[in-house]
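# A look at the structure
So you can see what is in the structure, the chains are spelled out below.
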Amino acid sequence: MTPSFKIAAAGLMLATLMGAGACSPEAQTPPGDRAAPAAPVSPDVSAVRIGTLEATALRDGTLKVPAGNAEMSPWTNTAEVSALLTAAGVTDGTVHLSIQPLLVRDGERVVLIDAGAGGQMGTEGKLVASLRAAGVEPSQVTDVLISHAHGDHVGGLAGADGRLTFPNAVIRMSAPEWTFAQAGAAEAGAGALLAAITPKVEPFAPGAQVTPSIRAVPLAGHTPGHSGYEIESGDDRLLYIGDAMHSSIISVQRPEWRNAWDSDSAAAVTTRQGLLERGASGTQRIYGVHFPFPGVGRFQRRDDGFVWVPEAPHQP
């Protein structure tokens, strides 16, 4: 196993990512002071319409998990996993997990949900370039909402020099997740990153309304304080599911399979099954941060289970 993949497989805490390769901001534009963005011109950005809200999927990179390697994959039933992937048309024996934080313009707030891997874990570190392609400088981000404190979600919060990537943003995560993150930082001896972000962190109670249009949704099982985020505008809702599900094939079609990256496997299985039941029974749109870019779609019942049905990209 390569060192970079060990990081991914272990679900590294935020405190161990001091070496993350996130870009430091250049401009220091006041938060919220922005012109209307031009239509995206990059294949690494994709417009997402939520009622009257503007949102944008931002490509950061891809995690590649060898499906047949029980040491590297969180799904240890490798023969079944490989067969399921093949049946779905994936023939290279690899679980491809995209990483795409979501940008939401919520009134005067410029909100980023998760911060990517910062170039760690064998990923490309595209987030800042994608953000700029969407018409936003890192210094204009007012809020960074963290689903949980694993490396592919917090690695982009600071660069190797310790400078915050989003210097004007408050960093929000659930109070149980922040406690979990601090404990992990102490154990890893990586206090520098913790010190860098601590003045910016504002923990919230699970289920809190974190911006005018975004509510945190506890999604138990992956980490102690793992949160999804429901974005609401009028009758339209989009649920950002974080790491409640990883693969649009495996997690959706076999939600009962154990994933070693989950801290509480039984709770994680219950969460996945509940998301699928509710999603397929109503009009709930889903944003899968690790699903194929741009990650927007719905769950649909099929035969005796479920499948992921991606939504056609929105044309701005």
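Residues numbered from 1 in each chain as written. Predicted model: local features only at pLDDT ≥ 70, side-chain atom pairs only at ≥ 80, totals over all residues. Heavy atoms only, no water.

## Some words on the overall build of the protein chain
Scanning the protein chain from terminus to terminus reveals eight helices and 16 strands. For the protein chain, the residues scored as buried account for 56% of the 316 residues in total. Restricting to contacts in the protein chain with at least 6 residues of sequence separation, those with at least 24 account for 72%. Accessible area for the protein chain stands at about 12200 Å²; split by element, carbon and sulfur atoms hold 52% of it. (Helix = DSSP H or I, 4+ residues; strand = E, 2+ residues; numbered from the N terminus. Buried < 20%, exposed > 50% of the residue type's maximum accessible area, 1.4 Å probe, protein only. Contact = heavy atoms within 4.5 Å. Areas by Shrake-Rupley, 256 points an atom, 1.4 Å probe, with all protein chains shown as cover.)

## Re the layout of surface pockets
The gaps of empty space that remain are located by a probe, the size of a water molecule, rolled over the atoms. Each pocket or cavity is described by its volume, and for the largest pocket that value is around 260 Å³. What lines the largest pocket is a set of 13 residues, among which Gln253, Arg254, Asp304, Gly305 and Phe306 lie closest to the centre. Among the secondary structure elements, those contributing two or more residues to the lining of the largest pocket are α8 (265-281) and β16 (305-310). (1 Å grid on protein atoms, 1.4 Å probe; cavity = no way out; pocket = protein on both sides within 12 Å on 5 of 7 lines; lining within 4 Å. Points joined across faces, edges and corners; volume = space filled by probe spheres on them.)

## Focus: the side chain of arginine 285
Considering the arrangement of structural elements, one finds arginine 285 in strand β14 (residues 285-287). Only 3.1 Å separates the side chain of arginine 285 from the side chain of aspartate 236, close enough to count as a polar contact. Other than its neighbours up to four places away in sequence, arginine 285 contacts Val48, Arg49, Ile50, Asp236, Arg237, Leu238, Leu239, Val296, Gly297, Arg298 and Glu311. (Polar contact = N/O pair within 3.5 Å; in protein donor to acceptor, adjacent residues only side chain to side chain.)

## Some remarks on the environment of alanine 79
Structurally, alanine 79 is set in helix α2 (residues 78-87). Along the sequence, alanine 79 and glycine 68 sit 11 residues apart, while their C-alpha atoms lie 6.9 Å from each other.

## Overview of the packing of aromatic side chains
Enumeration according to the criterion identifies five aromatic pairs in this entry. Ring geometry for tryptophan 75 and tryptophan 261: centres 6.4 Å apart, planes at 50°, overall tilted. Separated by 186 residues along the polypeptide, tryptophan 75 in the loop between β3 (61-66) and α2 and tryptophan 261 in the loop between α7 (250-253) and α8 bring together distant segments of the chain. Residue tryptophan 261 is classed as buried on the basis of its relative accessible area, which comes to 11%. (Phe/Tyr/Trp six-rings, centres within 6.5 Å; stacked < 30°, edge-to-face > 60°.)

## Regarding the nonpolar core
Leu58, Val141, Val144 and Phe166 are the most contacted members of the largest nonpolar core, which has 29 residues in total. Ranked by residues supplied to this core, first place goes to helix α6 (residues 191-197) with four residues. Every residue in contact with valine 144, bar those within four places of it in the chain, is listed here: Leu112, Ala115, Leu157, Phe166, Ala169, Val170, Ile171 and Arg172. Judged by nonpolar contacts, the second largest core, of 22 residues, contains Ile50, Ala216, Tyr240 and Tyr287. (Core = buried A, V, L, I, M, F, W, Y, C linked by side-chain atoms within 4.5 Å.)

## Re the confidence of the model for the protein chain
Per-residue confidence for the protein chain averages 87 on the pLDDT scale, and 84% of its residues sit at or above 70. Counting interchain partners and residues more than four positions distant, the pLDDT-below-50 stretch residues 1-29 has 87 contacts. A low-confidence stretch, residues 33-38 stays under pLDDT 50, and its non-local contacts, those more than four residues away or across chains, total nine contacts. (pLDDT = per-residue confidence, 0-100.)

## Details of the sheet that holds strand β9 (residues 201-204)
Strands sit in the order β1-β2-β5-β6-β7-β8-β9 across an open sheet of seven strands; the sheet is mixed. The open sheet terminates on both sides in strands that have one partner only, identified here as β1 (45-50) and β9. When strand polarity is set aside, the average angle formed by the axes of neighbouring strands in this sheet is 25°. Bridging between strand β8 (residues 170-174) and β9 involves four bridges; their strand directions are parallel. Within β9, the position partnered with methionine 173 by the bridge is proline 203. (Pairing = 2+ DSSP bridges. Axes fitted to C-alpha atoms, helices over the stretch in contact; angles between N-to-C directions.)

## Re the pattern of salt bridges
Under the counting rule described, the total for this entry stands at 13 salt bridges. Residue aspartate 44 is joined to lysine 126 by a salt bridge in which the shortest nitrogen-to-oxygen separation is 3.6 Å. With aspartate 44 in the loop between α1 (3-10) and β1 and lysine 126 in the loop between β6 (109-113) and α3 (127-133), this pair connects stretches of sequence that are 82 residues apart. Since its relative accessible area comes to 29%, lysine 126 is described here as partly exposed. Residues arginine 301 and glutamate 277 are paired through a salt bridge, measuring 2.7 Å at the closest nitrogen-oxygen approach. In this pair, arginine 301 sits in strand β15 (residues 296-302) while glutamate 277 sits in helix α8, placing the two residues 24 residues apart along the sequence. Look at arginine 301 and you get partly exposed, because its relative accessible area is 42%. What makes glutamate 277 partly exposed here is its relative accessible area of 38%. (Salt bridge = Lys/Arg side-chain N within 4 Å of Asp/Glu carboxyl O.)

## Section: the sheet that holds strand β10 (residues 209-211)
Strand order in the open sheet formed by seven strands is β10-β11-β12-β13-β14-β15-β16, and the pairing between neighbours is mixed. The two strands at the open ends of the sheet, each matched to only one other strand, are β10 and β16. On average, adjacent strands in this sheet sit at an angle of 35° to one another, irrespective of strand direction. Examined bridge by bridge, β15 and β16 share six bridges and lie antiparallel to one another. Residue arginine 302 lies in a different strand from β16, and its bridge partner there is glycine 305. Sheet strands in contact with α8 are β13 (236-240), β15 and β16, and its direction is about 90° off that of β15.

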